[in-house]
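Breakdown of the fold
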Amino acid sequence: MSALARTYALVVAALALALALRLPGIGSTPTPSGDEGNWTWIAWDLHMGRPAALPPDARFVPLTFARLIAAAYAVLGASFASARAVLVVGLSLGVVAAWALARRLDAPRAAAVVALTLAVHPWSVAWSRTVTVPYALSLALAVAGPLAWMDALRTRSPWRMLLAAQLLGAGLHFSPLAALPVAACALYSFGPERPRGWSLAAALSALAHLAPVVVAAAGAARGNPGRPRHLFTELPRRLYVFARAVLGSLD
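All of the points below concern the structure found in this document. None of the values given here were measured: they were computed from a predicted structure.

Criteria and thresholds
Residues numbered from 1 in each chain as written. Predicted model: local features only at pLDDT ≥ 70, side-chain atom pairs only at ≥ 80, totals over all residues. Heavy atoms only, no water. Phe/Tyr/Trp six-rings, centres within 6.5 Å; stacked < 30°, edge-to-face > 60°. Helix = DSSP H or I, 4+ residues; strand = E, 2+ residues; numbered from the N terminus. Buried < 20%, exposed > 50% of the residue type's maximum accessible area, 1.4 Å probe, protein only. Expected span 1.5 Å × (residues − 1). Contact = heavy atoms within 4.5 Å. Axes fitted to C-alpha atoms, helices over the stretch in contact; angles between N-to-C directions. Parallel < 35°, antiparallel > 145°, perpendicular 65-115°, else oblique. Left-handed = near helix turned anticlockwise from the far one by under 90°. Salt bridge = Lys/Arg side-chain N within 4 Å of Asp/Glu carboxyl O.

The next thing to look at is the packing of aromatic side chains. Taken as a whole, this structure holds three aromatic pairs when the rule is applied. Seen in terms of ring centroids, tryptophan 39 and phenylalanine 65 are 5.0 Å apart; in terms of plane orientation they differ by 65°. Their pairing is edge-to-face. One end of the pair, tryptophan 39, is in helix α2 (residues 36–47); the other, phenylalanine 65, is in helix α3 (residues 64–76), with 26 residues separating them in the sequence. Both residues of the pair, tryptophan 39 and phenylalanine 65, belong to the buried class. These aromatic residues form a ring-pair network of at least three members: Trp123, Trp127 and Tyr135.

What follows deals with helix α7 (residues 135–155). A rise of 1.5 Å per residue sets the reference length of α7, with its 21 residues, at 30 Å; its end C-alpha atoms lie 30 Å apart and thus fit the reference within 8%. Among the residues trailing α7, arginine 156 stands out with phi positive, at a value near 55°.

This paragraph deals with the environment of alanine 202. Residue placement: alanine 202 occurs in helix α10 (residues 198–204). Judged by relative accessible area, alanine 202 falls into the buried class, the value being 4%. Between the alpha carbons of alanine 202 and tryptophan 159 there is a distance of 7.7 Å; along the sequence they are 43 residues apart. Apart from residues no more than four positions distant in its own chain, alanine 202 is found in contact with Pro158, Met161, Leu162 and Ala165.

On to the packing of helix α4 (residues 80–104) against α7, then. Each pair of packed helices can be described by the angle between their axes along with the distance between the axes. Orientation of α4 relative to α7, taken along the N-to-C sense of each, is 25°, at an axis distance of 9 Å. Relative to α7, α4 is oriented roughly parallel. Here α4 and α7 pass one another in a crossing that is left-handed. Contact residues: Val86, Leu87, Gly90, Leu91, Gly94, Ala97, Ala98, Leu101, Ala102 and Arg104 in α4; Ala136, Leu137, Ala140, Val143, Ala144, Leu147, Ala148, Asp151, Arg154 and Thr155 in α7.

Attention now moves to the pattern of salt bridges. According to the stated counting rule, one finds five salt bridges in the structure shown. Arginine 160 serves as the salt-bridge partner of aspartate 151, at 3.6 Å between the closest nitrogen and oxygen. Relative accessible area serves as the criterion here: at 32%, arginine 160 is assigned to the partly exposed category. Because the salt bridges share partners, they merge into one network encompassing Arg104, Asp151, Arg154 and Arg160.

Here it is, written out as structure tokens:
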């Protein structure tokens, strides 16, 4: 088998492993202590054409995740399997994209390591088997985005810069922590290969993704301070609720 054939076989194996770790039991009824009911119900309202919104104190991300789940409902039917399929598909695409982008950087061994790590890392697996949080999508974009950014700087292609900026910015729809790879790429760009001209404008287009995030954060800041929070006022009860959410999601 040639080196190229081995490389393609490896990414196919990584993708098959990623699916094998995520598809079994994907339609199981979730634990009542997690947030799967929140995202799936909001997506159901969107699917039915009804107004939907996160609770006021939870609007630190926009409804992009719920809209993706609603789209899955429209194609696959409304079920927990359909909702979780959004994360499985997104993470699987991240595995392939990260592998392809790392190979473009002339790093075939790194491409294999990145693809396999994204496929089997415990956080990656756990986050993409439950719609409690959209972190699996943010993780996939946080891996593929910086690799695309490095490739764009290497080729000095404005179009690749535009694509990389969208990958980095899209992560902000799923987690505020997506700002970390954005900041890392911004610092990396101060080297001799930094973008110039309209390449820089393409890079700055990532800021467009901040608009819904800022709106969502403003909604969270306006959360009703008088809302009953009896389960979250004492540390032991807070730890109990947290442990149930985590263990219920992992099972």
